[in-house]
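The residues making up each chain are set out below.
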Amino acid sequence: MDLPTRARRAARQARGGPASHAHDPARVVFLALFGLVAAGWALVAIDGGQFLTMESVVGIQQRSAALGIVAIGQTLAILAGSLDLSVAYLISLASLVAAEIMAGQDGNIGPAIAAVLVISALVGLFNGLVITRLQVHAFIATLGAALIIKGVVDHLYDGPAGEVPESFQLLGYSRVGPIPVSAMLWAGVAVVAWFLLSRTRLGHRIYAVGGDEEVARLSGIRTPRVIVITHVLCSVCAGIAGLLLAARLGAGAPTVGTDGGYDLESIAAVALGGTALAGGRGGVAGTVGGVLLLAVLDTIFNQLEINSFVKDVVRGAVIVVAVAVYARRGTRRTA
């Protein structure tokens, strides 16, 4: 395919025309999820337990909410051909900032949320500008930002700080029937991201830039602006996750993001959901399935009391196999 033809295709995609990313692996992810649930049900039953009790279903939703929100933001960055390794440390910083501003006072909840969102957006803006203006690879740029945030957090905090009022803690623990409020927050973020990608011009431009940045540029798309916007949105999602974790802990914690491994876990969930790490293919639905698949897998391991070594080996193997399958399917489609 010659360059003018590729440029015209990118232009149509940016305007919302037929896209080359029509291959949607979300169906495969959810089929795998249903299969895993059936296998988990059988294994736990053989072990003498019950798998999908109300407690375990609520636990799956609560455990997956923070990772799900971060993974949604990571999806946006990866679809544009980038990624963000600073999210784990940003989550820790967001929890500390929120808890210290709230200081146990209901009246400080609004200013705390605003401060976290502004700081998160500024971190995303920094990442995006370093990548686009200084031409630093996203891996190095966001790793550098992560180390900067780590230095700030380590210098200012020795342990948990601040206090979250009880009214805000409801975000982390309250539920409506069997659905936790935190899961509703995750669903809301996912719906907004889905709408952005599928129903707006910016969404089509994200796919175009991730598919071929040079062709997107030649078709008239301001590729640096698109990349910066995706990093701002990714960091804002990390900030929201930090607020959620602060609500659960009742305070800010300097290691809550890194202990949860939200940087690599979010990338793994995105890859497991079928989004191409090179960008341009995938979507939010697959990421939601990938996060739920990891959460269900953890629940099965916990109920079977499998040790952490085996957990990590199996999780790693599942991710590698899934990405390999997607790669082969993509190769067959383009052949």
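Quantities reported herein were computed from a predicted structural model and do not represent experimental measurements. (Residues numbered from 1 in each chain as written. Predicted model: local features only at pLDDT ≥ 70, side-chain atom pairs only at ≥ 80, totals over all residues. Heavy atoms only, no water.)

## Topic: the overall build of the protein
- Within the protein one finds 15 helices and 2 strands.
- Computed over the C-alpha atoms, the radius of gyration of the protein is 20 Å, within 12% of the 20 Å expected from 2.2 N^0.38 for a compact globule of 335 residues.
- Taken over the C-alpha atoms alone, the protein extends approximately 60 × 50 × 35 Å along its principal axes.
- Sorting the 335 residues of the protein into buried and exposed places 50% on the buried side.
- Once local pairs closer than 6 in sequence are excluded, the contacts in the protein between residues at least 24 apart make up 78%.
- Carbon and sulfur atoms form 63% of the exposed surface of the protein, whose accessible area is close to 15400 Å².
- Placing the 24 positive and 20 negative side-chain charges of the protein at their respective mean positions leaves the two points 19 Å apart. (Helix = DSSP H or I, 4+ residues; strand = E, 2+ residues; numbered from the N terminus. Rg over C-alpha atoms; globule rule 2.2 N^0.38 Å. Buried < 20%, exposed > 50% of the residue type's maximum accessible area, 1.4 Å probe, protein only. Contact = heavy atoms within 4.5 Å. Areas by Shrake-Rupley, 256 points an atom, 1.4 Å probe, with all protein chains shown as cover. Lys, Arg positive; Asp, Glu negative; His and termini not counted. Charge placed at Lys NZ, Arg CZ, Asp CG, Glu CD.)

## A look at the nonpolar core
- Residues Ile69, Ile72, Ile91, Phe168 and Val296 are the most contacted members of the largest nonpolar core, which totals 91 residues.
- The biggest single contributor to this core is helix H11 (residues 223–249), with 13 residues.
- Beyond its immediate sequence surroundings of up to four residues, isoleucine 91 is in contact with Val70, Ala238, Ala241, Gly242, Leu245, Val256, Gly257 and Tyr262. (Core = buried A, V, L, I, M, F, W, Y, C linked by side-chain atoms within 4.5 Å.)

## Points about the packing of helix H4 (residues 87–102) against helix H6 (residues 138–156)
- In contact at an axis separation of 9 Å, H4 and H6 are set at 35° when each is read in the N-to-C sense. Crossing of H4 against H6: the hand is left-handed. For the pair H4 and H6, the contacting residues are Tyr89, Leu90, Leu93 and Leu96 in the first and Ala146, Ile149, Lys150 and Val153 in the second.
- Considering only residue class, the contact of H4 with H6 consists of 7 nonpolar, no polar and 1 charged. (Axes fitted to C-alpha atoms, helices over the stretch in contact; angles between N-to-C directions. Left-handed = near helix turned anticlockwise from the far one by under 90°. Nonpolar A, V, L, I, M, F, W, Y, C, P; charged D, E, K, R; others polar.)

## Re helix H14 (residues 284–304)
- Given a rise of 1.5 Å per residue, 21 residues ought to cover 30 Å, and the 30 Å separating the end C-alpha atoms of H14 matches this to within 8%.
- Glutamate 305, located one to two residues past H14, shows a positive phi value of around 55°. (Expected span 1.5 Å × (residues − 1).)

## Looking at the environment of valine 325
- Residue placement: valine 325 occurs in helix H15 (residues 308–334).
- On the accessibility criterion, valine 325 (38% relative accessible area) is partly exposed.
- Sequence separation between valine 325 and threonine 255 is 70 residues; the distance between their C-alpha atoms is 34 Å.

## Some remarks on helix H5 (residues 109–133)
- Its 25 residues give H5 an end-to-end C-alpha distance of 36 Å, which sits within 8% of 36 Å, the value for a rise of 1.5 Å per residue.
- Taken together, the buried positions of H5 are Ile109, Ala112, Val116, Ser120, Val123, Gly124, Asn127, Gly128, Val130, Ile131 and Thr132.
- Positive backbone phi, approximately 60°, marks glutamine 135, located one or two places after H5.

## Section: the confidence of the model for the protein
- Across the protein, pLDDT averages 89, with 91% of residues at or above 70.
- The weakest mean pLDDT in the protein belongs to helix H1 (residues 3–14) at 52; the strongest belongs to H5 at 98. (pLDDT = per-residue confidence, 0-100.)

## Regarding the pattern of salt bridges
- What the rule picks out here adds up to 4 salt bridges.
- Its salt-bridge partner being arginine 315, residue glutamate 265 comes within 2.5 Å of it at the nearest N-O pair. You can see glutamate 265 sitting in helix H13 (residues 262–272) and its partner arginine 315 sitting in helix H15, a full 50 residues away along the chain.
- In this structure arginine 315 comes out as buried when scored by relative accessible area, which is 9%.
- Within this structure, Glu265, Asp298 and Arg315 form a network of salt bridges that share partners. (Salt bridge = Lys/Arg side-chain N within 4 Å of Asp/Glu carboxyl O.)

## Here's the deal with the side chain of serine 56
- Here serine 56 lies in helix H3 (residues 54–79).
- Residue serine 56 is classed as buried on the basis of its relative accessible area, which comes to 8%.
- Within the local environment of serine 56, its side chain forms a polar contact with the backbone oxygen of phenylalanine 51, the two atoms lying 2.6 Å apart.
- Among all residues touching serine 56, those that are not within four sequence positions of it are Phe51, Thr299 and Gln303. (Polar contact = N/O pair within 3.5 Å; in protein donor to acceptor, adjacent residues only side chain to side chain.)

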